[in-house]
Every structure is written in structure tokens, then in C-alpha cells.
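# An overview of the molecular structure
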Amino acid sequence: MKRQRTIVLVLLALILGGAFVKANTNYEFLENGFIALYYHAVRLEETFPRINPMGVAISEFEKAAKRKETAGEAQLMMGLIYQYLDRPGTALGYLIEFAELHPEETWVHSLIGDMYAEMGRIPEAEASYRRAVEGSPEETVLAQTYVGLGNAALERGDFEAAKEAFQIALDSAGDYVDARLGLGKALYFLEDYEESIATLEMAQLQAPRSTSLLYYLGNSYQAAGLLEQAEHAFARIEELAETR
């Protein structure tokens with residue numbers, strides 16, 4: 001999972017680098033930050049332990065944040081970095097600053113919602129997700145935004161709203177395991193066990209080691225009277241716990 005997040009981070013860096021870095025010395029700190037992220041993605045520090053590419057990236061983006069022409073992009077990259085480092089509170093501050101500097105980039109409110117959600121601040125998370133949806137053309141809204149809305153709806157017990165949000169995420173992103181798992185949960189709470197089982201069994205093909213998925217699948221089997229399948233799902237959870 002950490003490796004996947006590294007790849008996502010560097011891809012974002014390369015995309016943003018192509019969009020924002022220009023042939024101008026005013027952008028040198030941004031460019032240095034992107035290069036440092038690339039070195040982190042290829043695990044340069046494993047070969048040269050004395051080198052700290054992530055630390056270099058943070059330092060360079062901090063410098064870029066002090067320049068008016070690169071402040072917004074630097075704040076965004078700092079937010080992404082601290083999200084990657086599992087520091088949602090710090091990431092949130094940078095992402096909000098980017099949103100204030102670039103109000104036209106409404107998609108960033110989806111990331112802001114994710115940070116609020118990680119901190120357990122569900123009402124603020126839901127408000128941010130809705131802001132992302134309402135401020136963007138329908139075809140550009142990130143599927144993750146609807147997953148966030150679905151999770152927020154689950155938290156407040158609105159299972160129909162959760163089902164709708166997760167279904168939209170699936171329709172827009174195809175085989176999105178988080179959306180499929182969320183949909184399976186919503187269907188379970190709505191007592192539509194047959195559909196819950198079908199949805200979660202498909203999700204299991206994508207994430208066979210997800211204990212959360214197996215938990216809801218086992219409960220769905222049990223509620224549907226499929227006790228042997230339920231026993232197998234719960235036994236699998238115990239097996240996975242022993243290997244961790």
C-alpha cells in the first residue's frame with residue numbers, strides 16, 4: 001500500500017511539474033521538489049541511506065511557497081506529501097491554503113474532505129465533498145469524492161444515500177474496490193443480503209486480504225442463512241490476523 005501511494009504521489013508530481021514548471025528561474029524550487037520526489041519514488045535512499053529525498057522535497061517546496069508565483073502549487077505539493085506521511089492535520093492546512101489561492105480548482109475540496117475524514121471530522125468532510133461536487137462539472141468529479149460522501153452517509157446511518165453515492169463512484173470509475181466495498185456495506189445495512197453478497201464477492205476478487213471486506217461478507221452470509229460460507233469468511237479473517 002505504501003508503495004502504491006508513492007507511485008500516486010510521484011505521478012501527481014510529474015503531472016503538476018509539467019503543468020506548472022516553466023523555463024524560468026522563479027520555478028527552480030518547484031522543479032527541485034519534483035525531482036526529489038522522483039528520487040524517493042525510485043527508493044534512492046535505500047541505496048544511499050545518507051540521502052533524504054523526501055526531506056529535500058519538503059525543503060524545496062517550502063522555499064517555493066514563499067514566492068508568490070509558485071505559492072499555490074507548492075502548498076498543494078506539501079499537502080500531498082503530508083497526506084502521504086499520514087499527517088492529515090498538517091496536510092489539511094496546506095490544502096486549504098491552496099484552495100484559497102486557487103478557488104477555481106474546486107476538485108481540491110475532495111482531498112480536503114479526505115483529510116477531515118481521517119481526523120474523524122465527518123460533518124466537515126461531507127461539506128467538503130459536497131463543495132467539490134457542486135463546484136465541478138459532473139464529468140470531472142473524482143470518484144473518490146463520491147466514496148467520501150458514501151462513507152460520511154454510512155457514519156450518520158443514511159444507508160440509502162450511501163448506496164447512491166457508492167453506486168455513482170462505481171459507475172464513473174469501474175472496478176473501484178473502495179466503492180464496491182462501500183456499496184456492499186450499505187446493502188448489508190439495508191438488509192439486501194443477496195445483493196450485498198454479490199457485491200462483496202466481486203470486491204473480494206480485487207482485495208482478497210481485506211479483513212473489513214471479509215467481515216461484512218461473513219455477516220451477509222450469516223444473515224442470509226449461508227452459515228458454512230460465513231464460517232469460512234470468519235476463519236479467513238483469523239488466518240490473515242495470524243500472518244500480520
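Everything quoted here is computed from the prediction, not taken from an experiment. (Residues numbered from 1 in each chain as written. Predicted model: local features only at pLDDT ≥ 70, side-chain atom pairs only at ≥ 80, totals over all residues. Heavy atoms only, no water.)

## Points about the overall build of the protein
Tallying secondary structure elements over the protein gives 14 helices and zero strands in all. Each helix and strand of the protein, placed in order from N terminus to C terminus, yields the pattern α-α-α-α-α-α-α-α-α-α-α-α-α-α. When each of the 244 residues of the protein is scored for burial, the buried share is 43%. Nonlocal contacts in the protein, meaning residues at least 24 apart in sequence, comprise 47% of its contacts between residues at least 6 apart. (Helix = DSSP H or I, 4+ residues; strand = E, 2+ residues; numbered from the N terminus. Buried < 20%, exposed > 50% of the residue type's maximum accessible area, 1.4 Å probe, protein only. Contact = heavy atoms within 4.5 Å.)

## Some words on the nonpolar core
Ranked by internal contacts, the top residues of the largest apolar core, which has 49 residues, are Leu-30, Leu-37, Phe-61, Ile-81, Leu-95, Val-108 and Ile-112. The element contributing the most residues to this core is helix H5 (residues 71-84), with eight residues. Among residues more than four places away in sequence, those in contact with Val-108 are Leu-76, Leu-95, Phe-98 and Ala-99. Counting residues in hydrophobic clusters, the runner-up holds twelve residues, among them Ala-203, Ala-207, Leu-213 and Tyr-216. (Core = buried A, V, L, I, M, F, W, Y, C linked by side-chain atoms within 4.5 Å.)

## Some details on helix H13 (residues 211-223)
Look at H13: 18 Å from first C-alpha to last across 13 residues, which is about the 18 Å you get at 1.5 Å a residue. Regarding H13, the residues found buried are Leu-213, Leu-214, Tyr-216, Leu-217, Gly-218, Asn-219, Ser-220 and Tyr-221. Lining the buried residues of H13 we find helix H11 (177-189), helix H12 (193-206) and helix H14 (227-242). Of the residues one or two after H13, Gly-225 is the one with positive phi, at around 85 degrees. (Expected span 1.5 Å × (residues − 1).)

## Section: the confidence of the model for the protein
Of all residues in the protein, 88% attain a pLDDT of 70 or more, and the chain-wide mean is 88. The secondary structure element of the protein with the lowest average pLDDT is helix H1 (residues 2-20), at 50, and the one with the highest is H13, at 97. The low-confidence segment residues 19-23 (pLDDT under 50) makes nine contacts with residues lying over four places distant or belonging to another chain. (pLDDT = per-residue confidence, 0-100.)

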